[in-house]
Amino acid sequence: MTGASSGLGREYAVQLATRGHDLVLVARDRDRLEGLATELVARHRVEVEVVLADLTDREELARVAERVGDPERPVDLLVNNAGFGSRRGFVRGELAEEEAALDLMVRAVMVLSHAAGGAMRARGRGAILNVSSVASYAVMGHYSAIKAYVTVFSEALATELAPHGVTVTAVCPGFVHTEFHQRAEMNMSRLPDALWLEAPDVVRASLDDVSAGRVVSVPSLPYKVLVGVLRVAPRRLTRTVAGSLAARRRAPHPPG
Ligand SMILES: NC(=O)c1ccc[n+]([C@@H]2O[C@H](COP(=O)([O-])OP(=O)(O)OC[C@H]3O[C@@H](n4cnc5c(N)ncnc54)[C@H](OP(=O)(O)O)[C@@H]3O)[C@@H](O)[C@H]2O)c1
C-alpha cells in the first residue's frame, strides 16, 4: 500500500488490518508509518512491514517494485494510492513539481502494477486497486490528465488480467477530507459540505467494489451521478464549465 502515512492510504491500512490482512506500508514519513504499524500490530495482531521510499525516485521505486513482485512473499492486494495535488495552473507552477506528479501518480502506478500484476498472473489470483479521481473524467489541469491515465490504464489492465484471475479497480473519489488540499495549499472554504466525503466511507465502498471485482469504483451516489453525466456530456461543454470554474477561482475575493 503506497501513501499509507495519511488520508485514504492510512484508512486503507486500518480497514485491511481490521479484516485481518498483513500489510506492507510504503511512504516517506518514518515516524507516521512506524506509529501506524505499532498501532495495527497491537490492535489487530497482523504483521506489518514498513518500507520507506520516495516513489518519485527511480531507485527507491525499483526497490519497492522488487518487494511487491517477490514470489516468496506474495502481495494479494496492491493499493496504488500515493499522490498529491497542485493549486496552481500548469504553466504557472514549477515544471519539477509537474514531473514529480507524473513520476508518483503515473510512473510509480505503472511500475508497481507491472511488478505485482506479473506475480499475480503467475499465481492465478490477486487484485490491484489504483486510486484515481472523479477528476479523471473532467478537465481540471494536469491532475485530470494524470488521473485519466490511471483510470484508463486500470481498465486496460483489468481487461488483460481478467482471464488470469486477477482484478484491477480504479477508485474515483470526489473531494475527501484528508491532508490532500492542505498539502497543496488549496483554499477549500467555499466548497459546499454536501460535496465532501469522509475517508472511511470511501475506503469501505471501494474495498467492497474490489471484492465484487468492479473495474471502476465511484464511491457515493452524488459522485456516481456526476461521473455518469461527465461520461456522456459533450466534451466541449465539460471544457467550458471547467474554464469558467477556473476563472471564478482566479477572480479576486469580494471584500469582507
Ligand atoms: N483527498 C481528495 O479529495 C482526493 C480526491 C480524489 C483522489 N484523491 C487521491 O487519493 C490519493 C491519496 O491522497 P489523500 O487524499 O489521502 O492525500 P494525503 O492525505 O495528502 O496523503 C497522500 C499520501 O501520499 C504519500 N506520498 C506523497 N508523495 C509521496 C512520494 N513522493 N513517495 C511516497 N509517498 C508519497 C504521502 O506520504 P508521505 O508524505 O509520508 O510520503 C501520503 O501518505 C491520491 O492519489 C489523490 O490523488 C484524493
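Residues numbered from 1 in each chain as written. Predicted model: local features only at pLDDT ≥ 70, side-chain atom pairs only at ≥ 80, totals over all residues. Heavy atoms only, no water.

Under an unreviewed UniProt entry, the protein has the name Short chain dehydrogenase and belongs to Serinicoccus hydrothermalis.

A few points about the environment of V68
Relative to the helices and strands, V68 resides in helix 3 (residues 58-68). Overall, the relative accessible area of 10% leaves V68 in the buried class. Residues V68 and L112, 44 residues apart in the sequence, show an inter-C-alpha distance of 7.0 Å. (Helix = DSSP H or I, 4+ residues; strand = E, 2+ residues; numbered from the N terminus. Buried < 20%, exposed > 50% of the residue type's maximum accessible area, 1.4 Å probe, protein only.)

Observations regarding the site of the ligand
What surrounds the ligand is a group of 31 residues, the closest being S5, S6, R28, Y143 and T178. Residue R183 places a side-chain N or O atom 2.9 Å away from an oxygen atom belonging to the ligand. When the free accessible area of the ligand is taken as 890 Å², the share hidden by the protein chains comes to 97%. For the shell around the ligand, the elements supplying multiple residues, two or more each, are helix 1 (7-18), helix 5 (141-161), strand 6 (175-177) and helix 6 (180-183). When residues of the shell around the ligand are assigned to their parent elements, the largest contribution, 3 residues, is made by helix 6. For the shell around the ligand, a count of residues per class yields 13 nonpolar, 12 polar and 6 charged. (Near = heavy atom within 4 Å. Polar contact = N/O pair within 3.5 Å; in protein donor to acceptor, adjacent residues only side chain to side chain. Areas by Shrake-Rupley, 256 points an atom, 1.4 Å probe, with all protein chains shown as cover. Nonpolar A, V, L, I, M, F, W, Y, C, P; charged D, E, K, R; others polar.)

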